[in-house]
Amino acid sequence: MGKLTKAIVEFQKKYINPPNLQTREKKDRAWVVKQLESQGWIWDGTPLKVGDKISQVKHLPLDNSYTACSKKEFQEWIEWDWVDKKQYVKDKYDCENFAFSFKARTDRRFGINTVGLVIDYSGGHAYNLVLFTDSPPLLYEPQTDEWVYIGEGMSANESYKMQQGYIII
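Computed from a predicted model, the values in this text were never measured in an experiment. (Residues numbered from 1 in each chain as written. Predicted model: local features only at pLDDT ≥ 70, side-chain atom pairs only at ≥ 80, totals over all residues. Heavy atoms only, no water.)

Peer 1: Mind laying out the overall build of the protein chain, listing which residues take part and the relevant values?
Peer 2: Helix and strand counts for the protein chain stand at four helices and nine strands. Tracing the protein chain from N to C terminus, the helices and strands come up as α-β-α-β-β-β-α-α-β-β-β-β-β. For the protein chain, with 169 residues in total, the buried portion stands at 43%. Long-range contacts, defined here as pairs at least 24 residues apart, represent 67% of the contacts in the protein chain between residues at least 6 apart. As presented, the protein chain carries roughly 9,600 Å² of accessible surface, and 51% of it is formed by carbon and sulfur atoms. (Helix = DSSP H or I, 4+ residues; strand = E, 2+ residues; numbered from the N terminus. Buried < 20%, exposed > 50% of the residue type's maximum accessible area, 1.4 Å probe, protein only. Contact = heavy atoms within 4.5 Å. Areas by Shrake-Rupley, 256 points an atom, 1.4 Å probe, with all protein chains shown as cover.)

Shown next as structure tokens:
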């Protein structure tokens, strides 16, 4: 009976009970803009280099008040979350649907609204970015649960370029 109880507790921890995010901190829109600018991810009309290209990524703010958590706790959420398990269906449930779903689930489940949606026209792809209380922001691929970097790609037609598009956060 001991093994069964342990298995049930482990199953409950992994699949039923989400992690408890305790490092929540309130932030304002200016903090969000500063985080995005620190990575050179947004464009205000002034030419901005990302790698060897000029970025024309625009920020579309959604809120005035934000709630963020630590990178470590957010990683626990990623490991628990199931968005990456959804089936990819071309033109029905594809990259932007994964990114929308992950952003919405994070906000709805925890009130963490520092997950942005990146519509990357230059890369032909949609994905997320995440702002943390204790680390620089990172790009996140919700289809694979991986942190990704500019210059990498999902395929020959989809990549992380951040040269033209929108960040919605």
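Peer 1: Requested: an account of the side chain of T114, with residues and values cited.
Peer 2: Tracing the chain through its elements places T114 in the loop between helix 4 (95-110) and strand 5 (115-120). Among the polar contacts made by the side chain of T114, one reaches the main-chain carbonyl oxygen of T67 at a distance of 3.4 Å. (Polar contact = N/O pair within 3.5 Å; in protein donor to acceptor, adjacent residues only side chain to side chain.)

Peer 1: So what about the environment of V118? Which residues, and what values?
Peer 2: Inspection of the secondary structure assignment puts V118 in strand 5. Residues V118 and K58, 60 residues apart in the sequence, show an inter-C-alpha distance of 9.8 Å. If we skip the residues at most four places from it in the chain, V118 touches H125, A126, Y127, N128, L129, M162, Y166 and I167.

Peer 1: Explain helix 4 to me, using residue names and the numbers behind them.
Peer 2: In this model helix 4 runs 23 Å from its N-terminal to its C-terminal C-alpha over 16 residues, within 8% of the 22 Å that 1.5 Å per residue would give. For helix 4, the set of buried residues is C95, F98, A99, F102, K103, R105, T106 and F110. In an axial view of helix 4, the angular spread of the buried residues amounts to 165°, which keeps them on one side of the axis. The inward-facing, buried residues of helix 4 contact helix 3 (71-80), strand 5, strand 6 (125-130), strand 7 (138-141) and strand 9 (164-168). G111 occupies a position one or two residues after helix 4 and carries a positive phi of about 75°. (Expected span 1.5 Å × (residues − 1). Arc of directions from axis to C-beta.)

Peer 1: Any details on the pattern of salt bridges? Residues and values, ideally.
Peer 2: By the definition in use, this model includes four salt bridges. Between E76 and K72 there is a salt bridge whose closest N-O contact spans 3.1 Å. You can see E76 and its partner K72 sitting in helix 3, four residues apart, about one turn around the helix. Taking the relative accessible area as the measure of exposure, E76 reaches 30% and is therefore partly exposed. For K72, a relative accessible area of 61% corresponds to the exposed category. (Salt bridge = Lys/Arg side-chain N within 4 Å of Asp/Glu carboxyl O.)

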